[in-house]
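# Notes for the structure review
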Amino acid sequence: MTRHRTGPPLPRARGELSAGVIAFLRDDGALPEPGAARDADPYGDDLQLALYVCYELHYRGFAGVRPELEWDPPLLTVRGALEDRFLTALRHDVPATDELDGVLEGLLVEPVRGSGVSWFLQDRGELRHLREYAIQRSLYHLKEADPHAWVLPRLSGRAKAGMAAIEYDEFGAGREDRVHAGLFAGLMSDLGLDTAYGRYLDQGCAPMLALVNLMSLFGLHRRLRGALVGHFAAVEITSSPGSRRLAHAMKRNGAGPAAEFFYTEHVEADAVHEQVVRRDVIGGLLDDEPAMATDIAFGITATSYLEERLGDRMLADWKV
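The shown structure was predicted, so the numbers you read here are calculated from the model rather than taken from an experiment.

Conventions used here
- Residues numbered from 1 in each chain as written.
- Predicted model: local features only at pLDDT ≥ 70, side-chain atom pairs only at ≥ 80, totals over all residues.
- Heavy atoms only, no water.
- Helix = DSSP H or I, 4+ residues; strand = E, 2+ residues; numbered from the N terminus.
- Rg over C-alpha atoms; globule rule 2.2 N^0.38 Å.
- Buried < 20%, exposed > 50% of the residue type's maximum accessible area, 1.4 Å probe, protein only.
- Contact = heavy atoms within 4.5 Å.
- Areas by Shrake-Rupley, 256 points an atom, 1.4 Å probe, with all protein chains shown as cover.
- Phe/Tyr/Trp six-rings, centres within 6.5 Å; stacked < 30°, edge-to-face > 60°.
- Lys NZ or Arg CZ within 6 Å of the ring centre and 35° of its normal.
- Core = buried A, V, L, I, M, F, W, Y, C linked by side-chain atoms within 4.5 Å.
- Salt bridge = Lys/Arg side-chain N within 4 Å of Asp/Glu carboxyl O.

### Topic: the overall build of the protein
Along the backbone of the protein there are 13 helices and 0 strands. Going residue by residue from the N terminus, the α and β elements of the protein occur as α-α-α-α-α-α-α-α-α-α-α-α-α. Here the C-alpha atoms of the protein give a radius of gyration of 19 Å, agreeing with the 20 Å that 2.2 N^0.38 yields for 320 residues. Taking the principal axes of its C-alpha atoms as reference, the protein extends roughly 50 × 45 × 40 Å. A burial count over the protein gives 54% of its 320 residues as buried. Looking at the protein alone, contacts between residues at least 24 apart form 79% of all its contacts between residues at least 6 apart. Per element, the accessible surface of the protein, about 13900 Å² overall, is 52% carbon and sulfur.

### Side note on the side chain of D280
Its place among the elements puts D280 in helix α12 (residues 257-288). For D280, a relative accessible area of 15% translates into the label buried. Those residues within four positions of D280 in sequence are excluded, and the remaining contacts are R158, A159, G162, Q275 and L285.

### With respect to the packing of aromatic side chains
Overall, the coordinates contain 7 aromatic pairs when judged by the stated rule. The structure contains a cluster of three or more aromatic residues connected by ring pairs, namely Y43, F86 and Y305. Taking the ring centre of Y197 as reference, the NZ or CZ of R60 above it sits at 3.9 Å. It is K143 that lies over the ring of Y59; its NZ or CZ is 4.1 Å from the centre.

### Considering the nonpolar core
Membership of the largest hydrophobic core comes to 105 residues, with the highest contact counts inside it found for V21, L25, L82, F86, L121, L187 and Y263. It is helix α11 (residues 225-252) that provides the largest number of residues to this core, a total of 11 residues. With sequence-adjacent residues up to four places away left out, L121 is seen in contact with H129, L130, Y133, L246, A249, R252 and W318.

### Side note on the pattern of salt bridges
This model, assessed by the stated rule, comprises 17 salt bridges. Between R14 and D45 there is a salt bridge, with the nearest N and O atoms lying 2.7 Å from each other. Note that R14 is positioned in the segment before α1 (16-25) and D45 in helix α2 (residues 45-56), a separation of 31 residues in sequence. Using a relative accessible area of 24% as the deciding quantity, one classes R14 as partly exposed. D45 gets classed as partly exposed once you look at its relative accessible area, which sits at 32%. Across the salt bridge formed by R158 and D280, the nearest N and O atoms sit 3.7 Å from each other.

Written out as structure tokens, the structure reads:
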């Protein structure tokens, strides 16, 4: 059996669940009992880190961790218990609805004056805030679009074609220098941050871990393909105006050309993606499977719920 020589180091544990998972991956401890997940805070540091570490084995893995552990049955049993606790909490906290049109229209409503993180960064954010924001978002943006690629084999026809077209853009449309994950690394470099994949996992707050875990949860389960499409729609539809505010924040603070470009690129690209995801990805999936409307709506509302939790956490940390 071989070990990964590359990949980020395993993070520091944040409780019983994450300590057990990390010890198991190091071959120096036992996994936590699956039942321990039932009493854990579903949005807390311990459960979310344990779940993130489990999922990361399906992406780049960790230095020193045996690759075959990706599909280790006892580890998958623990992961399933963590997922069940997380998903059950989301279904309890996010109201179910089959009014997909209304949910989609809600994403298009842009307030004259907002109070979220991108509004704060646009108007009052300093370089230290931009760095802290980039550190959190690096947990996703350094693998941008990777979690969404899991859904491609689960779609067909117009939905698959639309999704593949957007993913092609996210992965640089055949140009290495335009891969969005690489563009974000350029942003981090401009901000004086380490661009190594997984470098800031220990700094990742629980709400950010939960957002990334949501993508992996939806992507790795075929039964949740509709929810992943909903999550993707929420990201693409809301991205353009938020990116415009963040581009302004980068420019106002003199963050650097790569930092500004990452967001100006998303202003343009995601304005187009919004139309494709609504017309072709969602429209095509509903043509094939009309019953998916409720799952798509859940993916959107769950994403909004977790984004609000992240925004509240960051603004509280900045004492806004």
